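Spelled out from the first residue to the last, the chains are:
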Amino acid sequence: MQLQLQLFLPCAGGVETYLSEEVARICGAAARDLRTARGGVQLVAGWAEVMKLNLHSRLAQRVLVQLRHGPYRAEQDIYEAAAAVAWEEWFTPRDSFKIELTSHQSPLKSLNFAALRIKDAVADRFRARGGVRPDVDTQWPAVRIFAHLAAETVTLYIDSSGEPLFKRGWREDKGEAPLKETLAAAMIAASGWDATVPLYDPCCGSGTIAIEAAQVACNVAPGLLRRFGFERLRQHAAADWTALKAEAQAARRAPTAPVFGSDVAFRMVDFAQRNAQRAGVEHAVQLRGGDALQRMPPTDTPGIMLLNPPYGERIEVGGVAGAGRGGRERAQMEEAGDFFTQLASHWKKNYAGWTGWVLVPDPKLPTRMRLKESRRVPMWNGPIECRLFRFDMVSGSARARDAAGS
């Protein structure tokens, strides 16, 4: 029987339920005690599931293996907790490491000092057992150790992912404020898109949403193109990992639904096309230039539109294709409001039967668009609190429909 590990998979706020469902699909009966927590999902599973989750999860930010959990009151308690972990069972003194610390309601005055004490404990344990301590590397460590301080408890993890999981390995070309791949995948999950109807992003930027959707349609594992931190750990089973990747490679298929993307900036479309090629889905996504206020439906069959339009911290709303610095014109928020009003009119006129999903930080977006949302899903885009609004498109205005139904 394989060793059972306590795992924690952090994710963006609002994504916990979707991640829990994804973990259940990936691990099946091997996942025990699966439950959602603040900012992530917890479960008990084996090393095989650690590899599977890294390879297949689209929503998790990392896969962390919990090694210690207990109470603390001062920095010395944290030192002793870290010193009690058998780090030598996970990596060697030849492997550099880094401490990353988060906190929630911790009473300690200096989190930097707490992280330093954890570093000292790890180094001291290695030195005490073998006379040699590993080096610290804050840039490219071989091993990442995560610590979380709550009000009364400290939890220590070793990171099995290495680079965060949103780094799929295909996005080299990107715009000024690219959407993380994990959040794009969360938008797809929240929309309920099951790769049986068309999906279209009319503000595709460097193609993140469209490429994630195309990989879903082609059953491409998101981690196939990258390396993981667990490959440097002593528990790594190279033969099992090779077999798991070969299985994922063999599971790829022809796309089950068409995926489309367009952007007002032709430069961004070029970026998206190159990214799609690196992601292995250039055959499964159709990318075009064009203004979202002018482009007609890319297919006669209605589907869903899924978009993260420019706003606030990342606003560069376009007017005419190719205009402005970098292919887009900078706009003030009132101009963004006008953009959304025009977008809603364009959708009502030309996209009857489609469902539009829009991720924005503005809770008054339905008012701006003069549309009634059928659903709103809270999601965090980094530090920005957003809402994913669903709009079911039919011809004409809501007011006219209400009048006709009365």
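Preceding this section is the structure that the text describes.
Each value, and the rule that gives it
Residues numbered from 1 in each chain as written. Predicted model: local features only at pLDDT ≥ 70, side-chain atom pairs only at ≥ 80, totals over all residues. Heavy atoms only, no water. Phe/Tyr/Trp six-rings, centres within 6.5 Å; stacked < 30°, edge-to-face > 60°. Helix = DSSP H or I, 4+ residues; strand = E, 2+ residues; numbered from the N terminus. Buried < 20%, exposed > 50% of the residue type's maximum accessible area, 1.4 Å probe, protein only. Pairing = 2+ DSSP bridges. Axes fitted to C-alpha atoms, helices over the stretch in contact; angles between N-to-C directions. Contact = heavy atoms within 4.5 Å. Parallel < 35°, antiparallel > 145°, perpendicular 65-115°, else oblique. Left-handed = near helix turned anticlockwise from the far one by under 90°. Nonpolar A, V, L, I, M, F, W, Y, C, P; charged D, E, K, R; others polar. Right-handed = clockwise from strand over helix to strand, strands pointing away. Salt bridge = Lys/Arg side-chain N within 4 Å of Asp/Glu carboxyl O.

1. Some points on the packing of aromatic side chains
Each aromatic ring pair is characterised by the separation of its centres together with the angle its planes make.
Thinking step 1. For the coordinates displayed, the defined rule picks out 11 aromatic pairs.
Thinking step 2. Geometrically, the ring pair formed by Trp47 and Phe230 is edge-to-face, given 6.3 Å between the ring centres and 85° between the ring planes. With a gap of 183 residues between them, Trp47 in helix α2 (residues 47–56) and Phe230 in the loop between α6 (208–217) and α7 (238–250) connect regions that are remote in the sequence.
Thinking step 3. Under the relative-accessibility criterion, Trp47 is labelled buried at 11%.
Thinking step 4. For Phe230, a relative accessible area of 0% translates into the label buried.
Thinking step 5. The interplanar angle of 45° and the centroid separation of 5.1 Å between the aromatic rings of Phe91 and Phe126 together place this pair among those described as tilted. Separated by 35 residues along the polypeptide, Phe91 in the loop between α3 (75–83) and β5 (97–103) and Phe126 in helix α4 (residues 111–130) bring together distant segments of the chain.
Thinking step 6. Phe91 sits in the buried class, given a relative accessible area of 0%.
Thinking step 7. Exposure remark for Phe126: the relative accessible area of 5% places this residue in the buried category.
Thinking step 8. Taken together, Trp47, Trp90, Phe228, Phe230 and Trp241 form an aromatic cluster joined through their ring pairs.

2. Side note on the sheet that holds strand β6 (residues 143–149)
Thinking step 1. Pairing in this open sheet of 7 strands is mixed, and the strands run β2-β3-β1-β4-β7-β6-β5 from one edge to the other. Each having just a single partner strand, β2 (32–37) and β5 make up the two edges of the open sheet. The mean inter-strand angle of the sheet, taken between neighbouring strand axes irrespective of direction, is 30°.
Thinking step 2. Contacts from helix α1 (residues 16–27) reach β1 (5–10), β2 and β3 (40–45) within the one sheet, and its direction differs from that of β2 by about 160°.

3. A closer look at the packing of α2 against α7
Thinking step 1. Contact geometry of α2 with α7 gives a least axis separation of 11 Å together with a crossing angle of 40°. Our classification of the angle between α2 and α7 gives oblique. As for the relative orientation of α2 and α7, their crossing is right-handed in sense. Of the residues in α7, those in contact with Met51, Lys52, Leu55 and His56 of α2 are Asp240, Trp241, Leu244, Lys245 and Ala248.
Thinking step 2. Per-class residue counts for the contact of α2 with α7 are 5 nonpolar, 1 polar and 3 charged.

4. A word on the sheet that holds strand β8 (residues 199–201)
Thinking step 1. In space, the 7 strands of this open sheet follow the order β10-β9-β8-β11-β12-β14-β13, with mixed pairing throughout. Unpaired on one side and paired on the other, β10 (285–289) and β13 (375–381) mark the two borders of the sheet. The mean inter-strand angle of the sheet, taken between neighbouring strand axes irrespective of direction, is 20°.
Thinking step 2. As paired elements, β13 and strand β14 (residues 384–392) share 7 bridges and run antiparallel to each other. The residue of β14 that forms the bridge with Arg375 is Arg390.
Thinking step 3. Running over the sheet, helix α5 (residues 181–191) touches β11 (304–307), β12 (355–360), β13 and β14 and is turned about 165° from β13.

5. Details of the pairing of strand β9 (residues 259–263)
Thinking step 1. By the criterion of burial, β9 is predominantly enclosed, with 5 of the 5 residues buried.
Thinking step 2. Inspection of the sheet shows β8 paired to β9 by 3 bridges, in the parallel sense. Looking at the pairing, Asp201 lines up with Gly261 of β9.
Thinking step 3. Where β9 meets β10, 5 bridges bridge the pair, whose relative direction is parallel. Pairing of Phe260 across the sheet is with Gln286, part of β10.
Thinking step 4. Of the crossover connections in this fold, the one passing from β9 over helix α8 (residues 266–278) to the parallel β10 is right-handed.

6. Some words on the pattern of salt bridges
Thinking step 1. Enumeration over the complete set of coordinates arrives at 19 salt bridges.
Thinking step 2. Notably, a salt bridge pairs Arg62 with Asp159, separated by 2.8 Å at the nearest N-O pair. Highlighted residues: Arg62 in the loop between α2 and β4 (64–71) and Asp159 in strand β7 (residues 153–159), separated in sequence by 97 residues. Residue Arg62 shares its accessibility class with Asp159, and that shared class is buried.
Thinking step 3. Among the ionic pairs, Arg368 bridges to Asp362, the shortest N-O distance being 2.4 Å.
Thinking step 4. Overall, the relative accessible area of 17% leaves Asp362 in the buried class.
Thinking step 5. One salt-bridge network, held together by shared partners, links Lys98, Glu100, Arg144, Glu163 and Lys167.

In short, shape yes, function no, at least from these values alone.
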